[in-house]
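Okay, here's what each chain looks like letter by letter:
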Amino acid sequence: MMLKLLVDNQEIETREGKTLLQACLDNQIYIPNLCYLENVERPSASCRMCFVEIEGIKQPVPSCTVQVRDEMVVKTDTPGVRQLQRTALRLLLSVHDVDCKNCHANKNCELQNIAKFLKVGLKPKRLERYLKETQIDETHPFLNHYPNRCVLCGKCVHICRGKHGQSVLTFAKRGFDTVISTYSVTDVSSLACSDCGSCVKACPVGALALKESS
Amino acid sequence: MNQELTEEEKDTLKHVAIKLETFEKHRGNLIPILQMVQNNLSYLPSEALKIVAQHLGILESEVYGVATFYNQFRFHPPGKYPIKVCLGTACHVRAGDIILENFERKLEIPEGQTTPDRKFSIERVACVGCCALAPVAIIDETVHGHMAPSKVEGLILRIKLQEEMEERENKQHEPGQS
């Protein structure tokens, strides 16, 4: 069944069962997002980027967790929404090394795109910088991981699990220390990491890269 | 986290492997299993994570991910003299972090780890309940209040001397006994 919604005073049509974020993206209405993957039953909603305001709901809500309803009235660019998004972005950048010159994802980076879209400088001044000690994790035979570039969106973990049933990549530790880790390299061979590379493609920033020699 | 297992721990690990069989192979059992392993071995060595992963048919990385999330799991054997440095609110205000740093520097291990001779381990805790004595450190059940960076070295030295004395006494007694 087709549903009609009003997004930023523009009428769009979409199918039932879609998330609000997907419906907007399908209709060329951009909402910043980092952790969203299509067709995931329960979105992690961890990046706190895709906020919108919906008529009838007091607080802004992450649009990836909302199913479209007929006659929904949505605003994507209210001051409240923008403030939440800018704060979330600044927090992400405060734990990011912002060394774009030396990053392979330079100019192809979702963080850069969102910063431009939200008009936030890449080096915010108000927040203290907090970087992890490890610059590159080279323990995996085929992948390099850059913890200080990672936004911990979890896309790579999800994609890997979806493709192989089990995920080689996992979240480890907690809080500021959280990292994406492979921990063990012993059973990697059976998972064909050598010619998969799905996690690298899924990464919205430059936190994962295939080793050059492989 | 790769300290060699002692002979005793290798035996316990075999015992743990047998006990594992009593747990259903269900991923929901992961945390109870890890708790059982830690109860037996008093920490989670990588060898143990491996057999747990094998038992449940999941990857070691997943076991590791879950285990590192929880504060209750440790990956280093507790030292003979565990040092707990309080970083609760009162101790934090009175610079408990500097006390922690001093222990770390003195013993040359980061917080959460154990010296290679397994004598000392450093751990940070959140409030031990005697905030009036802040900053507080607990060494082997003894509470040391009003800690100062200058006291750190003395405390460790005292334990080392005590150890040496005990060893000497044991040696003196041994010939008589045998």
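Since this is a predicted model, take the numbers as computed values, not measurements. (Residues numbered from 1 in each chain as written. Chains lettered and ligands numbered in written order. Predicted model: local features only at pLDDT ≥ 70, side-chain atom pairs only at ≥ 80, totals over all residues. Heavy atoms only, no water.)

What follows deals with the overall build of chain A. Of the regular secondary structure elements, chain A holds 5 helices and 9 strands. Taken from the N to the C terminus, the helices and strands of chain A come in the order β-β-α-β-β-β-α-α-β-α-β-β-α-β. Compactness check: chain A gives a C-alpha radius of gyration of 18 Å against a globular reference of 17 Å for 214 residues, within 12% of the reference. Judged by the C-alpha coordinates and their principal axes, chain A covers about 55 × 45 × 30 Å. Sequence-distant contacts in chain A: of pairs separated by 6 or more residues, those separated by 24 or more amount to 60%. When the accessible surface of chain A is summed, it comes to about 11,900 Å², and 49% of that surface belongs to carbon and sulfur atoms. (Helix = DSSP H or I, 4+ residues; strand = E, 2+ residues; numbered from the N terminus. Rg over C-alpha atoms; globule rule 2.2 N^0.38 Å. Contact = heavy atoms within 4.5 Å. Areas by Shrake-Rupley, 256 points an atom, 1.4 Å probe, with all protein chains shown as cover.)

Here we take up the confidence of the model for chain A. Low pLDDT marks regions whose predicted coordinates should not be analysed in detail. In this model, chain A carries an average pLDDT of 91, and 95% of its residues clear a pLDDT of 70 or more. Put simply, helix α4 (residues 155-164) of chain A is where chain A has its lowest mean pLDDT, 91, and strand β3 (residues 51-54) of chain A is where it has its highest, 97. (pLDDT = per-residue confidence, 0-100.)

Looking now at the domain arrangement of chain B. In terms of domain boundaries, chain B breaks down into domain 1 (7-69) and domain 2 (81-172). Summarising the inter-unit geometry, the C-alpha centres of domain 1 of chain B and domain 2 of chain B are found 30 Å apart. (Domains from an automatic or database assignment.)

A separate point is the packing of aromatic side chains. Residue and element names in this part refer to chain A. Counted according to the given criterion, the structure contains 6 aromatic pairs over all chains. Ring geometry for Y130 versus F176: centroids 4.6 Å apart, planes at 35°, classification tilted. Of this pair, Y130 sits in the loop between α3 (110-118) and β6 (143-145) while F176 sits in the loop between β7 (170-172) and β8 (179-181), placing them 46 residues apart in sequence. By relative accessible area, Y130 is classed as partly exposed at 40%. (Phe/Tyr/Trp six-rings, centres within 6.5 Å; stacked < 30°, edge-to-face > 60°. Buried < 20%, exposed > 50% of the residue type's maximum accessible area, 1.4 Å probe, protein only.)

Let us now look at the interface of chain A and chain B. Contacts between the two partners involve 16 residues from chain A and, on the opposite side, 14 residues from chain B. Taken over both partners, the interface formed by chain A and chain B buries close to 1,300 Å², and the fraction arising from carbon and sulfur atoms is 54%. The largest contributions to the chain A side of the interface with chain B come from Q166, R174 and Y183 of chain A, which together make up 48% of the buried area. Where chain A meets chain B, there are 0 salt bridges. In terms of residue count, the dominant contributor to the side of chain A that touches chain B is β7 of chain A (3 residues). (Buried area = accessible area lost by both parts, 1.4 Å probe. Salt bridge = Lys/Arg side-chain N within 4 Å of Asp/Glu carboxyl O.)

Right, let's talk about the packing of helix α2 (residues 79-94) of chain A against α3 of chain A for a bit. All names here are of chain A. As a packed pair, α2 and α3 sit with axes 11 Å apart at the nearest point and diverge in direction by 140°. The orientation of α2 with respect to α3, classified from their angle, is oblique. Relative to α3, α2 is oriented so that their crossing is left-handed. The segment α2 lies against α3, with R82, Q85, R86, L89, L92 and L93 engaging L111, I114, A115, F117 and L118. (Axes fitted to C-alpha atoms, helices over the stretch in contact; angles between N-to-C directions. Parallel < 35°, antiparallel > 145°, perpendicular 65-115°, else oblique. Left-handed = near helix turned anticlockwise from the far one by under 90°.)

Now for the pairing of β3 of chain A. All names here are of chain A. Across 2 bridges, β3 lies against strand β4 (residues 61-62) in antiparallel orientation. Bridge pairing in β4 links F51 to P62. The antiparallel pairing of β3 with β4 creates a hairpin that spans 6 residues between the two strands, and G56 there sits at a positive phi of about 100°. (Pairing = 2+ DSSP bridges.)

Glancing now at the side chain of Q38 of chain B. Residue and element names in this part refer to chain B. When you line up the elements, Q38 lands in helix α2 (residues 30-41). What makes Q38 buried here is its relative accessible area of 15%. A distance of 2.7 Å separates a polar atom in the side chain of Q38 from the backbone oxygen of Q72. In this structure the side chain of Q38 is engaged in a polar contact, spanning 2.9 Å, whose partner is the backbone nitrogen of R74. With residues near it in sequence (within four places) discarded, Q38 still touches Y43, L44, Q72, F73 and R74. (Polar contact = N/O pair within 3.5 Å; in protein donor to acceptor, adjacent residues only side chain to side chain.)

All names here are of chain B. Where strand β1 (residues 81-86) meets strand β2 (residues 120-125), 6 bridges bridge the pair, whose relative direction is parallel. Looking across to β2, one finds that P82 is bridged to S121. Two strands pair when backbone bridges link them, and β1 and strand β3 (residues 137-139) are joined in this way by 3 bridges, in the antiparallel orientation. For V85, the partnering residue across the bridge sits in β3 and is A137.

Counting 30 residues, the largest nonpolar core has L34, M49, L89 and L111 of chain A as its most contacted members. Of all the secondary structure elements, the ones that give two or more residues to this core are α2, α3 and α4 of chain A. Looking at which domains feed residues into this core, each of domain 1 (2-90) and domain 2 (94-213) of chain A supplies at least three. With residues up to four places along the chain from it excluded, the contact list for M49 of chain A reads P32, N33, L34, Q85, A88, L89, L92 and I114 of chain A. Ranked by size, the runner-up nonpolar core spans 25 residues in total, among them V179 of chain A together with V37, L44 and F73 of chain B. (Core = buried A, V, L, I, M, F, W, Y, C linked by side-chain atoms within 4.5 Å.)

Residues and elements named next belong to chain B. Remark: α2 packs on helix α4 (residues 60-69), axes separated minimally by 11 Å, with the N-to-C direction vectors making an angle of 75°. Overall, the two elements α2 and α4 adopt an arrangement that is roughly perpendicular. In this structure, α2 contributes L30, I31 and L34 to the contact, and α4 contributes V63, V66 and A67. Residues of the contact of α2 with α4, tallied by class, amount to 6 nonpolar, no polar and no charged. (Nonpolar A, V, L, I, M, F, W, Y, C, P; charged D, E, K, R; others polar.)

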